[in-house]
Amino acid sequence: MKKKIIIISSSIIIVAILIVITLYFTTDLFKSNEKLFWKYFLQIEDISDVISNDKLNLEKEFKKSNSYISNGNLSFNYAKGEDSSKEFKIETTSKYDINSNKTYADAILKNGELDLFKISYINYDDIYAIKCDEVYERYIGIKNSNLTELGKKYGFENVPDTININEYENLLKLSEEEKTHILNTYIPIIMENIDSKQYKKETETIEINNIRYETNTYKIEISGDTLKIILINCLNKLKEDQQLLSIINEKISKVTFNNLDITNKIDDLIKEIEQYNINETLNIEIYESNGKNIRTKVSLGTKLNITYDRLNNKNTLTMDFEQKNNIQEFMNANEIIDLTELENDTDFTTRIIITKEVQNNLTINNIQIIPDINKNNENIDILVQIESKDDNFNNLYDIKINKNENEKQEQITITYNNEIIKENQVENIEEINNENLILANNYQKEQFELFIQGWSQIFVDKLIEKMSIIGFDEISQWR
């Protein structure tokens, strides 16, 4: 009987241990505020996705693997006040034949139904070329091979023999392995400099997009002195981190065509930080609801405020930057200036709001830039909307620039929409050869520079002439 009781007790203890282990790993029960803070903080590694468009990546892959045609319209509208406005339109077409690996595109400036000015583009294998019949009857192009030799002609060293455009499109992207390495290397450095008692937990009700959420809020305050130590320790670690240094060097070399001594740059940065007093406190707040970080707030005094909202179908990143008006920039030691002109030049805050919304086959990105939040009517609004459906894509790009000039509201609106449709058979795209092509690779620097300067000048003159026909005489300032 006693043995049976011991066996039962042991079983109960084992079951209890298993329950505790399960609760620990599957829920937040028993976990410290520190562990929970970092658990939910790390969920915002997707913050870079807010500026990406998944449909755009689908479209790129679609265009690589299918023949297609595309038709689009670009409109430019300038309005001042309520009564004054000007507009011009450009029609675009493009097509790609996967069998011949040729791409053709053109853009035509329109005056009603009349074609005013046309630019054409062709890509065939490694040749990229443009043509404007109003300027010259041949295509002007470059061959994406033997670029090392071409670069030397123009005084550039370390230019790769060919340039892979796809590498530049993904220049700022990191692989999952690279992200994991960065997190595993630098998060521990941050954690070891923060006392576990500094992590606080509260319950709060917040509102996002007019919906209320009950949240657990995990907060931390990091003093300027601690932040300074963390930055210096991370930079010292970076000097030894060959994996991350290699990633940085690789990305920089693609832009500069040179390998820089990053270590010396890091040393210089460390010296600057050591001499700089960080007087502001860094505050980080994580709002968790149902096991998901739905809002992260980061602030550095009044200098910087960031809020990142993460919902199922819509993410929003809001950034406020304090801007300083430096009167010294307007002053000269030998000059007396009227300070009354600067009396209204106070510090101001610039706001950038980035949103991404996914609706079935549609992804919408929006960026709004408000240079001064006290002047909300002066802003820049950028919209990208891409819809993927069956074998076609519908794209909308819209830019609005609002400003106030002499107490009159001015707005510039640039809108481009196009449709891309899969085609089994594409009309023949013209051949390019020595008869209709001027290739930069085939000429000495002095020869081609002289030619392209003349071509560019005629191009600008012709464009100004055509724009004046549709009422845009101001473009003559380009001369």
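First, a word on what this report is: a plain description of the structure on this page.

Reading guide: rules and limits
- Residues numbered from 1 in each chain as written.
- Predicted model: local features only at pLDDT ≥ 70, side-chain atom pairs only at ≥ 80, totals over all residues.
- Heavy atoms only, no water.
- Helix = DSSP H or I, 4+ residues; strand = E, 2+ residues; numbered from the N terminus.
- Buried < 20%, exposed > 50% of the residue type's maximum accessible area, 1.4 Å probe, protein only.
- Contact = heavy atoms within 4.5 Å.
- Areas by Shrake-Rupley, 256 points an atom, 1.4 Å probe, with all protein chains shown as cover.
- Salt bridge = Lys/Arg side-chain N within 4 Å of Asp/Glu carboxyl O.
- Axes fitted to C-alpha atoms, helices over the stretch in contact; angles between N-to-C directions.
- Parallel < 35°, antiparallel > 145°, perpendicular 65-115°, else oblique.
- Left-handed = near helix turned anticlockwise from the far one by under 90°.
- Nonpolar A, V, L, I, M, F, W, Y, C, P; charged D, E, K, R; others polar.
- 1 Å grid on protein atoms, 1.4 Å probe; cavity = no way out; pocket = protein on both sides within 12 Å on 5 of 7 lines; lining within 4 Å.
- Points joined across faces, edges and corners; volume = space filled by probe spheres on them.
- Phe/Tyr/Trp six-rings, centres within 6.5 Å; stacked < 30°, edge-to-face > 60°.

### Topic: the overall build of the chain
Next up, step 1: Looking only at helices and strands, the chain features 10 helices and 18 strands.
Next up, step 2: Expressed as a percentage of its 479 residues, the buried residues of the chain come to 34%.
Next up, step 3: Summarising the internal contacts of the chain: among those between residues at least 6 apart in sequence, 53% fall at separations of at least 24.
Next up, step 4: Split by element, the accessible area of the chain, about 29,700 Å² in all, is 51% carbon and sulfur.

### Here we look at the environment of Leu244
Next up, step 1: Its location among the elements puts Leu244 in helix H8 (residues 242–256).
Next up, step 2: Here Leu244 falls in the buried class, since its relative accessible area comes to 11%.
Next up, step 3: For the pair formed by Leu244 and Ile182, sequence separation is 62 residues and the distance between their alpha carbons is 7.6 Å.
Next up, step 4: Among all residues touching Leu244, those that are not within four sequence positions of it are His181, Ile182, Tyr186 and Leu238.

### With respect to the pattern of salt bridges
Next up, step 1: Applying the stated criterion across every chain, the model contains 18 salt bridges.
Next up, step 2: The partner of Lys102 in a salt bridge is Glu431, with the nearest N and O atoms 2.6 Å apart. Of this pair, Lys102 sits in strand E3 (residues 102–111) while Glu431 sits in the loop between strand E17 (408–422) and strand E18 (437–439); the two residues are 329 residues apart in sequence, bridging distant segments of the chain.
Next up, step 3: Relative accessible area serves as the criterion here: at 6%, Lys102 is assigned to the buried category.

### Structural notes on the packing of helix H7 (residues 224–240) against helix H9 (residues 262–275)
Next up, step 1: Closest axis-to-axis distance for the H7/H9 pair is 10 Å, and the angle between their directions is 165°. When the interaxial angle is binned, H7 and H9 end up roughly antiparallel. For the pair H7 and H9, the sense of crossing is left-handed. Side by side, H7 and H9 meet where Lys228, Leu231, Ile232, Leu235, Asn236, Leu238 and Lys239 of the first sit next to Thr263, Ile266, Asp267, Leu269, Ile270, Ile273 and Glu274 of the second.
Next up, step 2: Here the contact of H7 with H9 is built from residues that sort into eight nonpolar, two polar and four charged.

### With respect to the environment of Leu171
Next up, step 1: Positionally, Leu171 belongs in the loop between helix H5 (165–169) and helix H6 (176–192).
Next up, step 2: Assessed through its relative accessible area of 14%, Leu171 is described here as buried.
Next up, step 3: The spacing of Leu171 and Lys254 is 83 residues in sequence and 8.4 Å in space, taken between C-alpha atoms.
Next up, step 4: Once you skip the residues sitting within four places of it in the chain, Leu171 turns out to touch Lys251, Lys254 and Val255.

### Quick look at the layout of surface pockets
A water-sized probe, rolled over the atoms, reveals where empty space remains.
Next up, step 1: Reported here for the largest pocket is a volume of approximately 1,800 Å³.
Next up, step 2: Ile44, Glu45, Ile47, Ser48 and Asp49 are, among the 50 residues lining the largest pocket, the residues nearest its centre.
Next up, step 3: Taken together, the residues that form the lining of the largest pocket break down as 31 nonpolar, nine polar and 10 charged.
Next up, step 4: If you add up the space inside the second largest pocket, you get close to 870 Å³.
Next up, step 5: As for the second largest pocket, its lining consists of 26 residues, and the residues nearest its centre are Lys63, Tyr68, Thr103, Tyr121 and Asn123.
Next up, step 6: Residue assignment for the lining of the second largest pocket shows that the elements contributing at least two residues are helix H3 (54–65), strand E1 (68–80), strand E2 (84–97), E3, strand E4 (114–124), H5 and E17.

### Some remarks on the packing of aromatic side chains
The description of an aromatic ring pair uses the distance of the two centres, along with the angle that the planes make with each other.
Next up, step 1: A full pass over the atoms with the stated rule returns 15 aromatic pairs.
Next up, step 2: Judged by centre distance (5.8 Å) and plane angle (70°), the rings of Phe76 and Phe472 are edge-to-face. Here Phe472 lies in the segment after helix H10 (445–469) and Phe76 lies in strand E1, a separation of 396 residues in the sequence.
Next up, step 3: Geometrically, the ring pair formed by Phe448 and Phe451 is tilted, given 6.2 Å between the ring centres and 40° between the ring planes. Residue Phe448 and its partner Phe451 are located together in helix H10, separated by three residues, close to a single helical turn.
Next up, step 4: Using a relative accessible area of 11% as the deciding quantity, one classes Phe448 as buried.
Next up, step 5: When its relative accessible area of 24% is taken as the criterion, Phe451 is described as partly exposed.

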